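Listed below are the residues making up each chain.
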Number of protein chains: 2
Amino acid sequence: MSELFSALSDTGLTPVTDADVIAAHSVDHARLVEPGRAAALIRARSTEEVAAVLRVAAERAVPVVPQGARTGLAGSATAVDGAILLDLSPMDSILSIDPVNRIAVCQPGVHNAEISAAAAEHGLRYAPDPSSWRISTIGGNIATAAGGICCVKYGVTAEYVLGLEVVLASGEIMRCGRRTAKGVAGYDLVHLFCGSEGTLGVITEATVKLSPIPPDRLTLAAVFDTTAAAGRAVTAIMAAGAQPSLLELIDNVHLRALEDLRPMGLPTDAAALLLVAADADPNLELAEIERLCGGAGAAEVFRATDAAEADALLESRRQALHAMERLGTVLVDDVAVPRSRLAEALDGIQAASERHGVVIGVIAHAGDGNLHPNIVVDADDGDSVAAGRAAFDEILELALGLGGTVTGEHGVGTLKREWLEREVDPVNLAAQRRIKAAFDPLGILNPGKILAG
Amino acid sequence: MSELFSALSDTGLTPVTDADVIAAHSVDHARLVEPGRAAALIRARSTEEVAAVLRVAAERAVPVVPQGARTGLAGSATAVDGAILLDLSPMDSILSIDPVNRIAVCQPGVHNAEISAAAAEHGLRYAPDPSSWRISTIGGNIATAAGGICCVKYGVTAEYVLGLEVVLASGEIMRCGRRTAKGVAGYDLVHLFCGSEGTLGVITEATVKLSPIPPDRLTLAAVFDTTAAAGRAVTAIMAAGAQPSLLELIDNVHLRALEDLRPMGLPTDAAALLLVAADADPNLELAEIERLCGGAGAAEVFRATDAAEADALLESRRQALHAMERLGTVLVDDVAVPRSRLAEALDGIQAASERHGVVIGVIAHAGDGNLHPNIVVDADDGDSVAAGRAAFDEILELALGLGGTVTGEHGVGTLKREWLEREVDPVNLAAQRRIKAAFDPLGILNPGKILAG
């Protein structure tokens, strides 16, 4: 241990020694994940420092766990036994904003929302918007291939990453991708790193695509007495060729939790609320969506009276997990199904809740068929935890059965390694292992994440 | 040789024996590329047949060259000595169109335009539109990560591929990706295959994203006396946050060639014509773009009077290469630069044309900074060919110097292997070679394409 410390110190790095700080850095936002015991914590301030850490680690075959804001929900940033925790959050500069070429070049520790804030003076934004956007980092967003709320119209993180600087397991610094709008020179390494959860390299710089700030949106809320009717409305909206800029579902459990957190008159008797916005020709678009919601059996549909009310509704949606965490420890699940099967997924989750006797609230990026069943357990009660875990697994099984995936946007991390093996075929899994070996022959980069050791 | 034939025949395959047919299949649309001598040609009718070919090839370490419509412009489908040419074009069925989930599942030999035609009854389309869209296949589009004309607003092929079935070098069949709108389970193998030009596996099925057919567009044409002014107009349009649905530049050489091909009143005295369309709020958008073109020094700006005239202008643009090929043998170059440097690129290409005494016409997806300098040579005149090749290389050098890439959308193929090595850093190149080795340890898949042997 002390040899590792001196090796790190010899390269000019300053390992953090405070045990409490290391303990705090040993977990991310995934609950009921038992972290390993880290050996050290380094707060990296430059690409060269990251490379120095990797060289020290490679020489000693010591694991390295890259970390951003640790807001991830799948355990990909949790400590591994004997690892160096490599905190990238001090690398938090926006290096450039280029409005003509519509790109931003950022260090990994920049918060998602800061990019849009910096681009706004040029009428541009960085579109992907995970609910954590104010506190999560762009490096973490890319490493987990994060989704968000606007994806239904504007796509996910991976679609906005043009180029990366990455430090490989060897300590070598690599650039991949480009700064041009188009480019196809060689294999697409950029997208291989998107969603690789720190297992193939450490992202030290990102060139991301900016896009024009969309016109003002209008928002409506549709109240449903059954989740099946809400599911039918989503299917009808997407089948009609509509392009809502957000299409979120909030179930009864969440409506009540949100209203408890901050009373704003949410319909706490409803089975589900759909929140829908449009920004192209919003009056016309929402009129059509309103009609389709009515046809699907909405009990009530109302428009947000102004931007402030619309923003309040969306902000309320972003607080969903926070609201649920007041009820207990929350196991956050994340599955995606073909959107045509949303209603079946909702029914199956309800059945799992009843079968296992646990509270499950569902929040969904409904337009994408991406559901977050939030399972509430009492972390001090073994039976409750066991029931929650059983429901968690049953929901993953359900998603696969519906032609879906075990993770829509949160990643595999430590939570779903076995489930990845069930989702993909053995030939695919073997290919993934060969890629891992090609980039990290010693297996020092975030070992045990995505792929079981 | 006959052992290979009997091995292929023994698995139930029917190798084509006609030497003329094999010769015709030994080249793609790249000019002045000397193909190798193929050993056999198989027209595959199913995934199982593709797997059978790969197993035979793997046992004998015989190279395999996957082919679609061979409309590629970088030589990635040209024959390799001793290779089995594997023609996927008979696998030409659209397997399903799913309007709610907005996906199409296609065999690789389906022509690009056929997907949109099949989706149209649901108000959907397959957006990416290379100029070859009526004759190129979806398998080839994916294998080359093809671009197109609508990319400036709607993005490139890779952004529309959700899932693939691929036959690996071993003959194993692998599925990767998903059918859901979102999904992040494991490494992104789908995008690794996009643009891999048949060097990592053979695509036998693709699940692609459909999107709503955009509203009717309006089109304008702006005439410029200098290419510098046209470049300024592009910069101004993109800096203003406009979102044209196409933004194409046609230079004087092309204007004259197109007018010769089919007279339609193109301004043959102009240095450049910009063709711009908008489809969101087109009247308002084009008014702004018209103003910006005027400010950049357009000599004249006119709107297409109706959809027929707009379509004729666009169709004319799609005929650009065909028109140039009437002048001689055309070396099609393909570079992308930051769009802010478009004018510099145009100046540099003009200088290369003068220095080497060769005719170079430039057609550009200007909004993306993606230029196609079409270099006209006399294939029977060694000096002309040498001058053309020198200009070709000088343009690649120019693009790299401007912060660009040696291929915006056509790929590396055999034409630009050495240039790929100049574009990416040695660490990146080594990573690409490790990926190739991880998927194709024997080096039988399209050897010598992308990466020099």
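Remember, it's a predicted structure, so these values are computed and weren't measured experimentally.

Here's the deal with the overall build of chain A
A tally of regular secondary structure across chain A gives 16 helices and 18 strands. Computed over C-alpha atoms, the radius of gyration of chain A comes to 22 Å, within 12% of the 22 Å expected from 2.2 N^0.38 for 453 residues, which places it in the range of a compact globule. Considering only C-alpha atoms, chain A reaches an extent of 65 × 55 × 45 Å along its principal axes. Going through the 453 residues of chain A one by one, you find that 62% of them count as buried. Counting only contacts in chain A whose residues sit at least 6 apart along the sequence, the fraction spanning at least 24 positions is 72%. Distance between charge centres in chain A, computed from 36 positive and 59 negative side chains, equals 4 Å.

As for the environment of Ala 229 of chain A
All names here are of chain A. Along the chain, Ala 229 turns up in helix 8 (residues 227-239). Counting along the chain gives 131 residues from Ala 229 to Asp 98, while the straight-line C-alpha distance between them is 46 Å. Those residues in contact with Ala 229, other than ones at most four positions away along the chain, are Phe 224, Ala 296 and Gly 297.

As for the sheet that holds strand 9 (residues 202-209) of chain B
Residue and element names in this part refer to chain B. Read across the sheet, five strands follow the order 4-5-9-7-8 without closing on themselves; strand pairing throughout is antiparallel. If you trace the sheet from one side to the other, it starts and ends with strand 4 (94-98) and strand 8 (173-177), each paired once. Ignoring strand direction, the axes of neighbouring strands in this sheet form an average angle of 10°. Running over the sheet, helix 3 (residues 47-60) touches strand 7 (161-167), strand 8 and strand 9 and is turned about 50° from strand 7.

Side note on the state of the cysteines
Joining two cysteines, a disulfide is a covalent bond between their sulfur atoms. This structure, assessed with the given rule, holds zero disulfides over all chains. Of the cysteine sulfurs around Cys 176 of chain B, a residue in no disulfide, the closest is that of Cys 194 of chain B, at 8.8 Å.

Some words on the packing of aromatic side chains
The geometry of an aromatic ring pair comes down to the distance between the two centres and the angle between the two planes. Evaluation of the coordinates by the stated rule reveals four aromatic pairs over all chains. When the centroid spacing of 5.5 Å and the interplanar angle of 80° are considered together, the rings of Phe 193 of chain A and Phe 439 of chain A count as edge-to-face. Of this pair, Phe 193 of chain A sits in helix 7 (residues 189-193) while Phe 439 of chain A sits in helix 16 (residues 426-439), and the two are 246 residues apart along the sequence. A residue is classified by how much of its surface remains accessible, and Phe 439 of chain A, at 4% relative accessible area, is buried. In this arrangement the basic side chain of Arg 434 of chain B is found over the ring face of Phe 439 of chain A, its NZ or CZ atom lying 5.7 Å from the centre.

Brief notes about helix 1 (residues 2-10) of chain A
Side chains that are three or four residues apart share a direction in an α-helix, a result of its 3.6 residues per turn. Residue and element names in this part refer to chain A. Looking at helix 1, one finds that the buried residues are Leu 4, Phe 5, Ala 7 and Leu 8. The arc enclosing the buried residues of helix 1, seen along the axis, measures out at 165°, which places them on a common side. Among the exposed residues of helix 1, those oriented more than 90 degrees off its buried face are Ser 2 and Asp 10. The first or second residue beyond helix 1 is Gly 12, which carries a positive phi of 95°.

Overview of the relation of the copies chain A and chain B
Mapping chain A onto chain B calls for a rotation angle of 180° and an axial translation of 0.0 Å; the resulting RMSD is 0.0 Å. Accordingly, the operation relating the two chain copies is best matched by a two-fold axis. A shared binding surface is used by both copies, with 100% of the interface residues of chain A retained as interface residues in chain B.

Things to note about the confidence of the model for chain A
With 100% of its residues at a pLDDT of at least 70, chain A reaches an overall mean of 96. At the level of chain-chain contacts, confidence expressed as ipTM amounts to 0.96, with global pTM at 0.97.

Some thoughts on the interface of chain A and chain B
The accessible area lost on association of the parts is a frequent measure of interface size. Contacts between chain A and chain B engage 73 residues on the former and 73 residues on the latter. Across the chain A/chain B interface, buried area totals approximately 5,700 Å², and carbon plus sulfur atoms make up 60% of it. Taken as a group, Lys 182, Val 184 and Tyr 187 of chain A account for 17% of the area that chain A buries against chain B, more than any other trio of residues on that side. Viewed at the interface, chain B and chain A are joined by six salt bridges. Put simply, Glu 159 of chain A and Lys 209 of chain B hold a salt bridge, and the shortest N to O gap is 3.8 Å.

Let's talk about the sheet that holds strand 4 (residues 94-98) of chain A
Residues and elements named next belong to chain A. Ordered in space as 4-5-9-7-8, the five strands form an open sheet in which the pairing is antiparallel. Strand pairing shows two members of the sheet lacking a second neighbour, strand 4 and strand 8 (173-177), which therefore form its edges. Taking each pair of neighbouring strands and ignoring which way they run, the sheet shows an average axis angle of 10°.

A short note on the pattern of salt bridges
Tallying each qualifying case throughout the model produces 40 salt bridges over all chains. The partner of Glu 59 of chain A in a salt bridge is Arg 60 of chain A, and the shortest N-O contact between them spans 3.2 Å. Given the relative accessible area of 28%, Arg 60 of chain A is considered partly exposed. One salt bridge in this structure joins Glu 165 of chain B and Arg 175 of chain B, with 3.4 Å as the shortest N-O distance. Taken together, the residues span a long stretch of sequence, with Glu 165 of chain B in strand 7 and Arg 175 of chain B in strand 8 at a distance of 10 residues. Since its relative accessible area comes to 9%, Glu 165 of chain B is described here as buried. For Arg 175 of chain B, a relative accessible area of 41% puts it in the partly exposed group. Connected via shared salt-bridge partners are Glu 3, Glu 59 and Arg 60 of chain A.

How each quantity is defined
- Residues numbered from 1 in each chain as written.
- Chains lettered and ligands numbered in written order.
- Predicted model: local features only at pLDDT ≥ 70, side-chain atom pairs only at ≥ 80, totals over all residues.
- Heavy atoms only, no water.
- Helix = DSSP H or I, 4+ residues; strand = E, 2+ residues; numbered from the N terminus.
- Rg over C-alpha atoms; globule rule 2.2 N^0.38 Å.
- Buried < 20%, exposed > 50% of the residue type's maximum accessible area, 1.4 Å probe, protein only.
- Contact = heavy atoms within 4.5 Å.
- Lys, Arg positive; Asp, Glu negative; His and termini not counted.
- Charge placed at Lys NZ, Arg CZ, Asp CG, Glu CD.
- Pairing = 2+ DSSP bridges.
- Axes fitted to C-alpha atoms, helices over the stretch in contact; angles between N-to-C directions.
- Disulfide = S-S within 2.5 Å.
- Phe/Tyr/Trp six-rings, centres within 6.5 Å; stacked < 30°, edge-to-face > 60°.
- Lys NZ or Arg CZ within 6 Å of the ring centre and 35° of its normal.
- Arc of directions from axis to C-beta.
- Least-squares fit on C-alpha atoms with pLDDT ≥ 70 in both.
- pLDDT = per-residue confidence, 0-100.
- Buried area = accessible area lost by both parts, 1.4 Å probe.
- Salt bridge = Lys/Arg side-chain N within 4 Å of Asp/Glu carboxyl O.

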